[in-house]
Structures are given as structure tokens and as C-alpha cells.
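Analysis of the macromolecular model
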Amino acid sequence: MPDFTLHTPDTAPEGSKTTLEAVTTAWGFTPNMHATMAESPAVLVGYETLWAQIGASTLTPVEQQVAYQAVNVMHGCGYCTMGHTYLSAQVGMDDATSTALRAGQAPADPRLAALWTFTRRVAEARGEASDAVPAFLAAGFTRAQVLDVVAVIATKVLANYTAALTGLPDEEFMSDPALAWTPSMATAAE
């Protein structure tokens, strides 16, 4: 595995310093994901910009986590699946929904299931999924949210691929057995 630097705001390349400082202040620590992404200012700044814009979208915090987890699990990203399990609990996602997502399955809630199904379909088809848009809209989502899902997928491509390519170490909080996850835990029904 290549040896990537876990940057701090002091060691980060100039184009990443301000963003990494802001992340460190906001989170109270420097997440390994961001510390690694800092190697490329384009990746770190792009990721943080997308993250902020999704947070400001009309998808609720729980809906955002459903879409993020749909992609994390599909990509088999342990780091991101564990991190978003933690974040899902923070935004009030119920345990049954979180468990289904981690198993690679749609949640029981019909609206969340429609979001999960659409997100997975778009990600699996690499965007060639216009046939899935009518059902997504019929579930009560908007055209803007169709594109918000594209932004979620783009965000997760940046994070999931960074984790896979760099051998990203887990965060300390991920040692909690309740967060443990490996791709073998997903039983996605196709």
C-alpha cells in the first residue's frame, strides 16, 4: 500500500491549509480522510465544497445519510460506512434503517427506500439511469434532488476511492464494535 501523509494544517500543501484548518476546527480533530485528501488541494477543497452544498440541500440529514450509505456500501468502503454509521446516529436515524443500509438493503420506510434505490441505480449505472427518474419523482422527490443525488455520488467517489487507493487508517472512534463493518456484511439484493 502506498505511504500517504496524514497532513496537519501545518504540513498540508499551501492550497489545502485553509480548508484543513477549517475542517479541524469544525470537527475538533483532523479526520484521516481530510488529512489524506489534503495532499491534493483540488480533492480536499472539492470534497468539502460538495459536502457543504449537500448539507444545504433540501435532502434531510437522514436522507443525506441514506444516499451516502447507499454508495459507501456499494463501493465496499469500510472507513466511510463506519463513519457514516456514526453520523447517521448523530442525525437521528433509527437503528433498523441503519442496519438495513449497512447490509446493503433498502430501508423499510418507502420514501427512504425510493432514495436508496435511486441512488444505487444511478451509481451502479454510472449515471445512465434516466429511466429511474420517474419513480424517484413519484416518491415525492424533486428534480433538484435528482441532481443532489448526483452530488452525493460524486462526494462518495472522492472519499471511497481515496480510502481504497491510500490505505486510509480508521479513526480512533471507529474501534467501537457497534461501528465495525466490512464488505462481507453487505448482502445487497440485486
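This text follows the structure it describes.
Because the structure is predicted, anything quoted here is derived from the model rather than measured.

Definitions and cut-offs
- Residues numbered from 1 in each chain as written.
- Predicted model: local features only at pLDDT ≥ 70, side-chain atom pairs only at ≥ 80, totals over all residues.
- Heavy atoms only, no water.
- Salt bridge = Lys/Arg side-chain N within 4 Å of Asp/Glu carboxyl O.
- Helix = DSSP H or I, 4+ residues; strand = E, 2+ residues; numbered from the N terminus.
- Buried < 20%, exposed > 50% of the residue type's maximum accessible area, 1.4 Å probe, protein only.
- Core = buried A, V, L, I, M, F, W, Y, C linked by side-chain atoms within 4.5 Å.
- Contact = heavy atoms within 4.5 Å.
- Axes fitted to C-alpha atoms, helices over the stretch in contact; angles between N-to-C directions.
- Left-handed = near helix turned anticlockwise from the far one by under 90°.
- Parallel < 35°, antiparallel > 145°, perpendicular 65-115°, else oblique.
- Nonpolar A, V, L, I, M, F, W, Y, C, P; charged D, E, K, R; others polar.
- Phe/Tyr/Trp six-rings, centres within 6.5 Å; stacked < 30°, edge-to-face > 60°.

One pass over the structure, following the stated rule, counts three salt bridges. Note that D131 and R121 form a salt bridge whose closest N and O atoms lie 2.8 Å from each other. Of this pair, D131 sits in the loop between α7 (110-124) and α8 (133-138) while R121 is found in helix α7, placing the two residues 10 residues apart along the sequence. Taking relative accessible area as the criterion, R121 reaches 31% and is therefore assigned partly exposed.

In this section: the nonpolar core. Counting 26 residues, the largest nonpolar core has V66, L115, F118, F136, V149 and I153 as the members making the most contacts within it. For this core, the elements supplying multiple residues, two or more each, are α4 (61-75), α7 and α9 (143-166). F136 has contacts with A114, L115, F118, F141, T142, Q145, V146 and V149, leaving out every residue within four places of it along the chain. Core analysis: the next-biggest nonpolar cluster, separate from the first, contains 18 residues, L20, Y47, Y79 and W181 among them.

The subject of this paragraph is the packing of helix α1 (residues 14-27) against helix α3 (residues 41-55). Orientation of α1 relative to α3, taken along the N-to-C sense of each, is 40°, at an axis distance of 9 Å. In the crossing of α1 with α3, the sense of the turn from one axis to the other is left-handed. Two secondary-structure elements touch here, α1 through G15, S16, T19, L20 and V23 and α3 through P41, L44, V45 and E48.

Quick look at the packing of helix α5 (residues 78-90) against α9 now. Look at α5 against α9: their axes get within 8 Å of each other, and the N-to-C directions meet at 125°. Taken as axis vectors, α5 and α9 run oblique relative to one another. Mapping the contact onto sequence places Y79, C80 and H84 in α5 and K156, A159, N160 and A163 in α9. Each residue belonging to the contact of α5 with α9 can be placed in one class, and the counts come to four nonpolar, two polar and one charged.

So, on to the packing of aromatic side chains. Considering all chains together, one arrives at six aromatic pairs under this definition. Ring centres of W51 and Y68 lie 5.1 Å apart, and the angle between their planes is 15°; on these two criteria the pair is classed as stacked. Placement of W51 in helix α3 and of Y68 in helix α4 is noted, with a sequence separation of 17 residues between them. Between Y86 and F173, the ring centres sit 4.9 Å apart and the planes meet at 45°, which makes this aromatic pair tilted. Taken as a pair, Y86 in helix α5 and F173 in the segment after α9 lie far apart in primary sequence, 87 residues in all. You can call F173 partly exposed: its relative accessible area is 29%. Members of the aromatic cluster, joined through ring pairs, are Y47, W51 and Y68.

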